[in-house]
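A look at the structure
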Amino acid sequence: MPESVHSLLHSESVRDAVTVAGWVRTRRDSKEFSFIEVNDGSCLANLQILVEAACQDYGIVGTVHTGAAIRVEGELVASPGKGQRWEVRARRLQLVGPAPEDFPLQKKRHTDEFLRTIAHLRPRTNKYGAMFRIRARLAHAVHEFFHQRGFYWIHTPIITGADCEGAGEMFRVTTLDLDNIPKVNGAVDFSQDFFGKEANLTVSGQLSVETCCLALGKVYTFGPTFRSENSNTSRHMAEFWMIEPEIAFADLRDDMALGEELVRHLVRFVQQECAEDLDLFARFVDKDLPARLENIASHEFIRLSYTETVELLQKSGRKFEFPPAWGHDLQSEHERFLTEDHFKQPVIVYDYPREMKAFYMRQNDDGRTVAAMDILVPAIGELIGGSQREERYDHLERRIAELGFDLADYWWYLDTRKYGTVPHAGFGLGFERLLMLVTGVGNIRDVIPFPRTPKHLEF
Ligand code: 4AD
Ligand code: MG
């Protein structure tokens, strides 16, 4: 096996015999030798390969184009060139996988729009390589965060019979023959479908993870989530990853504290552990990124009730396209005003009008709000949505009925309130929105390897 470019670049000393393999970024020729920049994905930096005329494979250098895969054996020597400490002087050069000269990623910088059309090749650019390394490390850091705090990772189902958010934005899962759909009394006969009932892709693992929370105490899910909402925005996708912790014997305050701790911890993690990749985003994507991340990591978040938030917006003197009004959703212009202009840092808005929120949220004593909270962050808006759950059987049953849902569909959920119910709370953090926050990338399609959005399913 070849050694990684990352480990070679961090070598303590010269080495007599090393092997490295990767993809060619550029090649520069002069009369007596060629320089090949090779990248193997282990880090942002390339390793420079010197192929001299005396090398026995010098003859193939002319066929080594940008994009080709090569394998090199040689010695690691101090590099006389600027910007790198080590380079490899090749003894052997092998073309593992050639690339013709029409390889689409030549040296010039490409637009994100163009790169989206070649999602199969964009990981080979500096920017997307850096993005997917950060993504992988951040996912690991999420698990580490919870593990260190005694949480158990629960694998909640992707195929589900429940609509957690009650918003009806679900993708159906079926094996029925769409050209010949079985019907009874004019309606689709789902008893003939694979599960014998309607099935969908999950919009949230929350309801399932709650059942484990009420047994294991501190739990979370982290997996793909699906929503068929037809919003073609820079912050929504049909398939995204969500982190959903759930804590027993806990209220909304505990929930807000956990959300804040998680976000600040992960921002710190990226600053410290992904510095080389992060620097690319600070230089080429968002100049304000380092200051914004430091601000998030080092300050407490603002906490404001929904009612106070609406009052603040109304008194702000700002002309909004949608005038803020109690009972209406906060618009992104409102969120931006709060996080970017007024407080200039993340804001946790809590106690929302009950009509705006999902059935499972705990009703407050005022009779018109629920113990919900959203964490809003600069440049993105809503990063986290969560709540204390309605743990009182009668309240929950009444709310489900009020909203016209079928109680029979929720028998198991209600059961958890019948047997040993306890106050508990949780939230969902959109992993892609977190990646947007930590990299400054403005379009959610560019923080996931294969984005799924309305009318777009290329691979
Ligand atoms: O606010 P949401 O809808 O909350 C829930 O699903 C709860 N069941 C979570 C819980 O309490 N366990 O979604 C949570 C977060 C949002 O704040 C947002 O960051 C992200 O998920 N999100 C999306 N991200 C990308 N594309 C979409 N279509 C998203 N919808 C929600
Ligand atoms: Mg939400």
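The following refers to the structure shown. (Residues numbered from 1 in each chain as written. Chains lettered and ligands numbered in written order. Predicted model: local features only at pLDDT ≥ 70, side-chain atom pairs only at ≥ 80, totals over all residues. Heavy atoms only, no water.)

With that settled, consider the site of ligand 1. What surrounds ligand 1 is a group of 25 residues, the closest being Glu165, Gln206, Glu229, Glu244 and Glu382. One nitrogen or oxygen atom from the side chain of Gln206 is found 2.7 Å from a nitrogen atom belonging to ligand 1. Contact between ligand 1 and Tyr360: a nitrogen atom at 3.3 Å from a side-chain N or O atom of the residue. Here ligand 1, which alone exposes 630 Å², has 94% of that area covered by the protein. Counting residues per element, the shell around ligand 1 draws most heavily on strand β16 (residues 381–388), at five residues. (Near = heavy atom within 4 Å. Polar contact = N/O pair within 3.5 Å; in protein donor to acceptor, adjacent residues only side chain to side chain. Areas by Shrake-Rupley, 256 points an atom, 1.4 Å probe, with all protein chains shown as cover. Helix = DSSP H or I, 4+ residues; strand = E, 2+ residues; numbered from the N terminus.)

We now examine the pattern of salt bridges. Tallying each qualifying case throughout the model produces 30 salt bridges. One salt bridge connects Arg133 with Asp277, and the closest N-O pair in it is separated by 3.0 Å. Here Arg133 is found in helix α3 (residues 126–148), whereas its partner Asp277 is found in helix α6 (residues 275–284), with 144 residues between them in sequence. Judged on exposure class, the residue Arg133 and its partner Asp277 are both buried. Here Glu391 makes a salt bridge to Arg362, at a shortest N to O gap of 2.8 Å. On the criterion of sequence distance, the pair formed by Glu391 in the loop between β16 and α10 (393–402) and Arg362 in the loop between β14 (347–353) and β15 (369–377) is long-range, its members being 29 residues apart. A residue is classified by how much of its surface remains accessible, and Glu391, at 10% relative accessible area, is buried. A relative accessible area of 18% means that Arg362 is categorised as buried. Residues joined in a network through salt bridges with shared partners are Arg354, Glu355, Arg399 and Glu402. (Salt bridge = Lys/Arg side-chain N within 4 Å of Asp/Glu carboxyl O. Buried < 20%, exposed > 50% of the residue type's maximum accessible area, 1.4 Å probe, protein only.)

Cysteine pairs can be covalently joined through their sulfur atoms, and such a bond is termed a disulfide. Using the criterion set out here, one finds zero disulfides in the structure. Free of any disulfide, Cys43 has its nearest cysteine sulfur in Cys274, 13 Å distant. Overall, Cys43 belongs to the buried group, its relative accessible area being 4%. (Disulfide = S-S within 2.5 Å.)

With that settled, the discussion passes to a nonpolar patch on the surface. Together, Ile158, Ile159, Phe194 and Phe195 make up an exposed nonpolar region whose accessible area comes to about 400 Å². Assignment of secondary structure puts Ile158 in the loop between β6 (152–153) and β7 (159–160). (Patch = residues over 30% accessible without salt bridge, like charges linked within 9 Å, V, L, I, M, F, W, Y side chains within 5 Å.)

Overall, mixed pairing links the five strands, which are arranged β1-β2-β3-β5-β4 in a closed barrel. Here the average twist between neighbouring strands, direction ignored, is 55 degrees. Here ten bridges tie strand β4 (residues 69–78) to strand β5 (residues 86–97), and the two strands are oriented antiparallel to one another. Bridging across to β5, Ala78 finds its partner in Trp86. (Pairing = 2+ DSSP bridges. Axes fitted to C-alpha atoms, helices over the stretch in contact; angles between N-to-C directions.)

Along helix α11 (residues 411–418), the residues classified as buried are Tyr413, Leu414, Thr416 and Arg417. One face of α11 carries all of its buried residues, which in axial projection span an arc of 145 degrees. Close packing links the buried residues of α11 with α4 (206–216), α10 and β17 (424–430). Remark: Gly420 follows α11 within two positions and exhibits a positive phi of approximately 65 degrees. (Arc of directions from axis to C-beta. Contact = heavy atoms within 4.5 Å.)

Here the phi dihedral of Asn185 falls at roughly 50 degrees; this positive angle occurs in a residue that is not glycine. Structurally, the position occupied by Asn185 is in the loop between β8 (183–184) and β9 (187–188). Even without being glycine, Lys455 reaches a positive phi, approximately 60 degrees. Its place among the elements puts Lys455 in the segment after α12 (431–439). Judged by its relative accessible area of 86%, Lys455 is exposed.

Attention now moves to the packing of aromatic side chains. For the structure shown, the criterion picks out 18 aromatic pairs. Here the aromatic rings of Phe405 and Tyr410 are separated by 6.0 Å at their centres, their planes lie at 25 degrees, and the arrangement is stacked. For Phe405, a relative accessible area of 24% corresponds to the partly exposed category. When its relative accessible area of 6% is taken as the criterion, Tyr410 is described as buried. Three or more aromatic residues joined by ring pairs form one cluster here, namely Phe359, Tyr360, Phe405, Tyr410, Trp412 and Tyr413. For Lys357, the ring lying beneath its charged end belongs to Tyr352, and the centroid distance is 4.2 Å. Here the basic side chain of Arg368 rests over the ring of Trp326, its NZ or CZ set 4.0 Å away from the ring centre. (Phe/Tyr/Trp six-rings, centres within 6.5 Å; stacked < 30°, edge-to-face > 60°. Lys NZ or Arg CZ within 6 Å of the ring centre and 35° of its normal.)

Keep in mind these values describe shape, not function.
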